[in-house]
Number of protein chains: 2
Amino acid sequence: MLSSSPPSPPSPPSPPRRNVLWIMCDQLRADYLSCYGASPVSTPTIDAIAKRGTQFTRAYVNSPVCGPSRMSMYTGKSMRAHGVHWNDHPLSVAHQTLGDYLHPHGIRNALIGKTHVIPDKQGMKRLQIAPGSALGQHLLKGGFEAYEHYDGLYPSPYHRGTAYQTYLEGRGYKGDNLWHEVANSGRDAAGNILDGWLLKNNDKPAVVDEGDSETAWTTNRALSFLDEVAASGQPFVCHLSYIKPHWPYMAPEPYFSEFRDVAIPRAVRDEKERQTVHPLLAAYQQQPAAVSFADEACRRAVIPSYCAMIKQIDDHLARVMAKLEATGLAASTMVVFCADHGDYLGDHWMGEKDFYHEQAARIPLLVALPRTGDSSDDSARGNTGHDGSSRAAGGGRAGQHCDRLVSGFDLLPTMLEWLGVDPERPTIEGCSLMPLLHGTQEATTPGDAPSGAAASGATWVGGGAGGGAICDRDFIVSEYDHSMLLVRKRLEAYHRRNNLPLSPLAHCRSYMLFDGRYKYIASRGYRPILFDLQEDPDELRDFAADRPSVLRRMAEGLHDWALTDHNQTTFTHRQIAEYDELGDGFFIGYWDEAQIADVRAELSTGDRPHR
Amino acid sequence: MLSSSPPSPPSPPSPPRRNVLWIMCDQLRADYLSCYGASPVSTPTIDAIAKRGTQFTRAYVNSPVCGPSRMSMYTGKSMRAHGVHWNDHPLSVAHQTLGDYLHPHGIRNALIGKTHVIPDKQGMKRLQIAPGSALGQHLLKGGFEAYEHYDGLYPSPYHRGTAYQTYLEGRGYKGDNLWHEVANSGRDAAGNILDGWLLKNNDKPAVVDEGDSETAWTTNRALSFLDEVAASGQPFVCHLSYIKPHWPYMAPEPYFSEFRDVAIPRAVRDEKERQTVHPLLAAYQQQPAAVSFADEACRRAVIPSYCAMIKQIDDHLARVMAKLEATGLAASTMVVFCADHGDYLGDHWMGEKDFYHEQAARIPLLVALPRTGDSSDDSARGNTGHDGSSRAAGGGRAGQHCDRLVSGFDLLPTMLEWLGVDPERPTIEGCSLMPLLHGTQEATTPGDAPSGAAASGATWVGGGAGGGAICDRDFIVSEYDHSMLLVRKRLEAYHRRNNLPLSPLAHCRSYMLFDGRYKYIASRGYRPILFDLQEDPDELRDFAADRPSVLRRMAEGLHDWALTDHNQTTFTHRQIAEYDELGDGFFIGYWDEAQIADVRAELSTGDRPHR
């Protein structure tokens, strides 16, 4: 359990010492990495992580927006379970996070960068947890040790006193909000600030020197941390969580200029999509970012800077990878690379994220188990999987693509299994990906036709299964609460215009079910939307009217998923399976001793399987 | 918020001082009270509560078993929200209970009797809450002040050190487990214990003297409490929670003999029900209590003692009501009378509770607002409602029957509204019944045909609505987790015999939707069951095959209910409605200042309703 003082190194260190470097980018689309295909930007460092491990091609977020998506990753739970429905919503103190699972094992859970955790101060007050205590700090930081907590969005007056502001001041920059004025804005010829929030200004370079940019500074802090743990020998998770390439889309030189003339990918959109009469889609297409990105001028202003920021991250990650090698940590460290969601960038007549097309809901996900050492060559030693991928010394396959359906909440159980942590009372819905990394589960989905309406794998809900379970799910689910968006207000206006009853706030939800081929999107009060990624990989057409049997199957799947408990957290499946109704002296409803003996005999002969 | 010391009386006391006496019986069927019809036992004291207030004729539990049902009452949440799926399952420290809402207002929340709260010791450990602290005690006792906590089921060795054991020892009884040997067993001629757990022995009187029985002792403790608060003047909720007429079905003399020859109601059951091929129903009919009660000999042994225990409670409640009058507390105290679920007693070939027929899922519920004083006669003063019911001085109608659909979780918000408590961050799904008590909402359902698939009223989920909202629901939901029952093991055996895949533990659930006419019962993997209480009030026939459109409507209702969030507890609907997306400096996706101005203008002109 949590101690009242910071956790001390375990003695003796458990062999083999294992660590995780968990890199996250914010708002990074998978197809802007060269390992994922025709990216406008080449990302050799990130590609190298893929080559060393498993590249997931069907990884999706539990909710296509920062806070809810991240909370799923940090808790291992779906949005409806952790209850954080949007960015400003606190994470209840009730929820165990990664740090809760790691602390009892003396594993540091260090944050460098962003979490988007909003602390549950009311819950802490109710439970009399002092913010200044070790437990209070743990909860305030979402279970992370705030080695360098930096959430990275600081409109005035939020910037005051941040470490990055202090750093920039130390570097000689002058201003009240250097995050805004220097790091995330440009300047005109007269020296006036060109506000980086406005997309029209994203065709200017950021004022800040590249070496003082958020990405560079965050990387510097990570290198310091890695030096520290290399010296101390304490096992760790290092959550290196970059705010970029999230807006404001401002890139520093020389990256800015390098990409100004990049070949901008054609927008994935069709005029017919704009003719939709679906009220929800229409409302999304009226979002400010959607309206902005509908204009090619906006894409031309933003996308080069988006590419530049990605390239910059890739270059800085090379420093991180070199540090792993130089410190020897590479031999014991699982490297995870992911994003918290994507970015429409004008595709499908949308901007931002918040919906379920591939551009927003799919994320890059790479997981590489450690190599033995700098000079090892697994392939040369004959350590090659049957599919030609080589097997890394940590047990994982190298260079493997995996098309299994994966969700953000799978990362937590994956890390726990790698670290050898078997939680006492897990409340995790995700499944460990370790069998996929090891190749003990096939990385390729056996067939396209799912076997029916089985629930999305909820191996650990209520606990019990422990690590190593193979996750075989028929679909994955993503969810979104649009009550905080303009979308809701536009829908309310639409309802009023058409004399329709207003939806209560509790109905401002949408759900995506994806089975690997069909993507089903449902929102109460509107007809469902159906994409067929086999016939129409670009998701330009709604097949809902043409596939009634698919709609029925997906609706059943959603129904089953919704009925699955998401809040039974205090009694595990293992406890249920081990419960003996004749063991506690409560003989309820038995007429006589003979009836008790009969049931006892029945129970002792029958096997009592559970799953 | 909770203070680290016990709450002290508020100064000055808020006028008018208001209290609640919340009487609960365990396993009491509504139709065993004379105010609910042809009861085999006359209950004049309880009937008098009904005459003074509102008698709810369609009150149902959120789950037909003690722990989950009570946790719904104590939290105001559905089972799937509070996560307590069965009797042995702890209530997470995360959940606010009645006591959390009352403490900040200096209102005592005193328990006299049973709660079935299983404390979340692991959660407390995680959050470093010392069991001995005031907060620890608050959480260990489910938010109650344990004036006399007595859960009332003490098979050896659980009895040791209980207050009731100590009391009985002081009264001269000898034995290791006096709860068992004296209060809940009989004796044969040779003085051997006749185990009260076994139904065959329920045709003997309990050994204990009536005046020392659990019901008498619990009542004594309540009288002491009422004397104490009458003297102190501190407002209170007094949860007087009798363990009886719950099994062991042992009644003391003279009540035992008074009812030995009572006219036992004909069992509500039909041979056709036993010919069911529904696997779930068949498994329930194989439960030990079902097998026992199928024999009339069992009903003849048990039901007279069940009646005797009810009569005994009614007599002791007369002492409580007299104390309310004598202390003057009657003028300021709302009286609530309810049960946590019913008892099949052999009806429908079932025993115990755990399923959804009226005998198990429906409860008696009476709520009486205070009269002005002993001598007042509201009717004589012309204070009469338009339906002929008289209006009590507290504002409530007297002698009113209400057929609105009511759930156990409605009690908490009702009490809060009566007490004038407006929670800071409510996480309550139930609706206050105050508008029904006052007659500001019609107590009679307008029509039989529900208006569609609106969710069961979730006014306070995520908070925001505050007190006084009128709850207009199309149906109520009850749920049950049969994974802990023999039912599951018998179903597993059935599946194996028939080569069917075993259901995972997470699917061992059933759900009841009741719209006032149709009772729909669904469990994943089996066909639904449908009762039509209009055509078949005794629920002897399954209409599922004959009412496809009703099945569809109910399935949709269940689907909608399941999709409704049950865990969004940290951000209220009020906060969502008040959120201003242009107020915090995050200008996301805007091309230029003009676009921001346009949206600002749009928002300032449109009204922004929410509900």
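Quantities reported herein were computed from a predicted structural model and do not represent experimental measurements.

Reading the values: the criteria
- Residue positions are given per chain, counting from 1 as you read along its sequence in written order.
- Here every chain gets a letter starting at A, and every ligand a number starting at 1, in the order they are written.
- Only residues with pLDDT of 70 or above have their local features reported here, since the model is predicted, and side-chain atom pairs are shown and tallied only from 80 upward, although totals for entire chains, interfaces and linings are computed over all residues.
- No hydrogens and no water enter the side-chain calculation; it runs on all heavy atoms of the structure.
- Alignment of the copies relies on least squares applied to C-alpha atoms, considering only residues that score at least 70 for pLDDT in both.
- Note on definitions: a residue-residue contact is assigned when non-hydrogen atoms from the two residues lie within 4.5 Å.
- Throughout, the accessible surface (probe 1.4 Å) given up by two parts as they are put together, summed over both, is called the buried area.
- The salt bridge criterion pairs a side-chain nitrogen of Lys or Arg with a carboxyl oxygen of Asp or Glu, the two atoms within 4 Å.
- Residues adjacent in sequence count toward polar contacts only when both atoms are side-chain atoms; beyond that, a polar contact is any pair of N or O atoms within 3.5 Å, and within protein one must be able to donate a hydrogen and the other to accept it.
- Comment: elements are numbered from the N terminus, with helices defined as DSSP H or I runs of at least four residues and strands as E runs of at least two.
- Strands pair, by our definition, only if DSSP identifies at least two bridges between them.
- Here an axis means a line fitted to C-alpha atoms, over the contact stretch when the element is a helix, while the angle between two N-to-C directions is reported on a 0 to 180 degree scale.
- The criterion for an aromatic pair is that two Phe, Tyr or Trp rings (for Trp, the six-membered ring) have centres within 6.5 Å, with stacked assigned to planes under 30 degrees apart, edge-to-face to planes over 60 apart and tilted to the rest.
- Three labels apply to residues, based on accessible area from a 1.4 Å probe with only protein chains included: buried if under 20% of the type maximum, exposed if over 50%, partly exposed otherwise in between.
- Throughout this description, the term charge over a ring refers to an Arg CZ or Lys NZ atom that lies within 6 Å of the ring centre and within 35 degrees of the ring normal.
- Note on terminology: angles under 35 degrees are roughly parallel, angles over 145 are roughly antiparallel, angles of 65 to 115 are roughly perpendicular, and the others are oblique.
- Lys, Arg, Asp and Glu make up the charged group, whereas Ala, Val, Leu, Ile, Met, Phe, Trp, Tyr, Cys and Pro make up the nonpolar group; the residues left over, Gly among them, are polar.
- Should the near helix be turned counterclockwise from the far one by less than a right angle, the crossing is left-handed, whereas a clockwise turn marks it as right-handed.
- Counting rule for disulfides: a pair of cysteine sulfur atoms within 2.5 Å.
- An expected span of 1.5 Å times one less than the residue number is assigned to each helix.

Trainee: Please clarify how the relation of the copies chain A and chain B should be interpreted in this entry.
Mentor: Both copies of the chain are tied together by a single rotation about an axis and a shift running along it. The two copies are related by a screw operation: chain A maps onto chain B through 180° of rotation and 0.0 Å of translation along the axis, at an RMSD of 0.0 Å. Given the turn and translation reported, the copies of this chain are related as if by a two-fold rotation axis. Most of the interface of chain A is mirrored in chain B, where 100% of its interface residues are also at the interface.

Trainee: Looking at this structure, how should I read the interface of chain A and chain B?
Mentor: It is common to report an interface's size as the accessible area lost on association of the parts. Contacts between the two partners involve 106 residues from chain A, matched on the other side by 106 residues from chain B. The junction of chain A with chain B conceals about 9,700 Å² of combined surface from both sides, 56% of it contributed by carbon and sulfur atoms. One salt bridge connects D560 of chain A with R524 of chain B, and the closest N-O pair in it is separated by 3.3 Å. Linking chain A to chain B there are 49 residue pairs in polar contact (both at pLDDT 80 or more).

Trainee: Can you help me understand the pattern of salt bridges in this one?
Mentor: Between side chains of opposite charge, a pair can form as their charged atoms come close. Under the definition given, this model contains 70 salt bridges over all chains. E492 of chain B is paired through a salt bridge with R488 of chain B; the nearest N and O atoms lie 2.9 Å apart. With a gap of four residues between them, E492 of chain B and R488 of chain B both fall in helix α18 (residues 486-497), about one helical turn apart. Residues joined by salt bridges that share partners form a network here, namely D26, R70, K114 and D340 of chain A.

Trainee: Explain the sheet that holds strand β17 (residues 529-532) of chain B to me, please; I cannot follow it from the model alone.
Mentor: Strand pairs in the sheet, formed through backbone hydrogen bonds, run parallel or antiparallel to each other. All names here are of chain B. Ordered in space as β14-β15-β16-β17, the four strands form an open sheet in which the pairing is antiparallel. Only two strands of the sheet have a single neighbouring strand rather than two, namely β14 (476-481) and β17. With strand direction ignored, the average angle separating the axes of adjacent strands in the sheet is 15°. Pairing geometry for strand β15 (residues 509-514) and strand β16 (residues 518-522), over four bridges, is antiparallel.

Trainee: Just checking my understanding: could you explain the packing of aromatic side chains for this structure?
Mentor: Within a pair of aromatic rings, the relevant descriptors are the distance that separates the centres and the angle that separates the planes. Tallied over the full model, the rule gives 44 aromatic pairs over all chains. Between the aromatic rings of W86 of chain A and Y579 of chain B, the centroid separation amounts to 5.8 Å while the plane-to-plane angle is 70°, which identifies the pairing as edge-to-face. One end of the pair, W86 of chain A, is in the loop between α3 (79-82) and α4 (98-102); the other, Y579 of chain B, is in the loop between α20 (573-578) and α21 (593-605), on a second chain. Since its relative accessible area comes to 13%, Y579 of chain B is described here as buried. Put simply, the rings of Y150, Y154, Y164, Y167, W179, W197, W217 and W247 of chain A together with F586 of chain B pair up and form one aromatic cluster. Looking at R269 of chain A, its charged tip hangs above the ring of W349 of chain A, at a distance of 4.2 Å from the centre.

Trainee: How should I be thinking about the packing of helix α1 (residues 44-52) of chain B against helix α14 (residues 296-327) of chain B in this particular structure?
Mentor: The packing of two helices is summarised by the inter-axis angle and the distance between the axes. All names here are of chain B. At a minimum axis separation of 7 Å, α1 and α14 run at an interaxial angle of 55°. The angle between α1 and α14 places the two elements in the oblique class. Contact residues: P44, T45, I46, I49 and R52 in α1; K311, D314, L317, A318 and M321 in α14. The class makeup of the residues in the contact of α1 with α14 is six nonpolar, one polar and three charged.

Trainee: Mind showing me how you'd approach the packing of helix α19 (residues 548-563) of chain A against helix α19 (residues 548-563) of chain B here?
Mentor: It is at 8 Å that the axes of α19 of chain A and α19 of chain B come closest, and there the two elements cross at 55°. Judged by the inter-axis angle, α19 of chain A sits oblique to α19 of chain B. The chirality of how α19 of chain A crosses α19 of chain B is left-handed. Contacts between α19 of chain A and α19 of chain B pair A555, L558, H559, W561, A562 and L563 of chain A from the former with A555, L558, H559, W561, A562 and L563 of chain B from the latter.

Trainee: Can you walk me through unusual backbone geometry in this structure?
Mentor: Leave glycine aside and you will find that most residues have negative phi; peptide bonds, for their part, are mostly trans. All names here are of chain A. Across the junction of K244 and P245, the peptide omega takes the value 5°, indicating a cis bond. Within the secondary structure, P245 is located in the loop between β7 (236-241) and α10 (255-259). For the bond running from E253 to P254, omega is 5°, close enough to zero to count as cis. Within the secondary structure, P254 sits in the loop between β7 and α10. Phi at H116 is positive, roughly 65°, even though this residue is not glycine. When its relative accessible area of 14% is taken as the criterion, H116 is described as buried. Despite not being glycine, D354 shows a phi value in the positive range, around 75°. Note on placement: D354 falls in the loop between β8 (333-339) and α15 (358-361). A relative accessible area of 5% means that D354 is categorised as buried.

Trainee: Would you explain the state of the cysteines in this entry?
Mentor: In protein chemistry, a disulfide is the covalent bond that joins the sulfur atoms of two cysteines. Enumeration according to the criterion identifies zero disulfides over all chains in this entry. With no disulfide of its own, C298 of chain B lies 14 Å from the sulfur of C307 of chain B, the closest cysteine sulfur.

Trainee: Quick question: what am I supposed to make of α18 of chain B here?
Mentor: Each α-helix winds once per 3.6 residues, and so residues spaced three or four apart point in a common direction. Given a rise of 1.5 Å per residue, 12 residues ought to cover 16 Å, and the 16 Å separating the end C-alpha atoms of α18 of chain B matches this to within 8%. Of the residues making up α18 of chain B, those classed as buried are L486, V487, R488, K489, R490, L491, E492 and H495 of chain B. In this fold, the buried residues of α18 of chain B make contact with α20 (573-578) and α21 (593-605) of chain A together with α12 (279-285) and α13 (288-293) of chain B.

Trainee: I'm lost on the environment of D31 of chain B in this one. Help?
Mentor: All names here are of chain B. Positionally, D31 belongs in the loop between β1 (19-25) and α1. Placed 535 residues apart in sequence, D31 and H566 show a C-alpha to C-alpha distance of 33 Å. Excluding residues within four positions of it along the chain, D31 makes contact with Y36, A38, S39, P40 and R362. Among the polar contacts made by the side chain of D31, one reaches the side chain of R29 at a distance of 2.8 Å.

Trainee: Mind showing me how you'd approach the pairing of strand β3 (residues 108-113) of chain B here?
Mentor: All names here are of chain B. Extensive coverage of β3 is indicated by the burial of six of its six residues. Bridge count between β3 and strand β7 (residues 236-241): six bridges; the pairing is parallel. Note that in β7 the partner of R108 across the bridge is F236. Bridge count between β3 and strand β4 (residues 145-149): three bridges; the pairing is parallel. Residue pairing for β4: A110 is matched across the bridge by E145.

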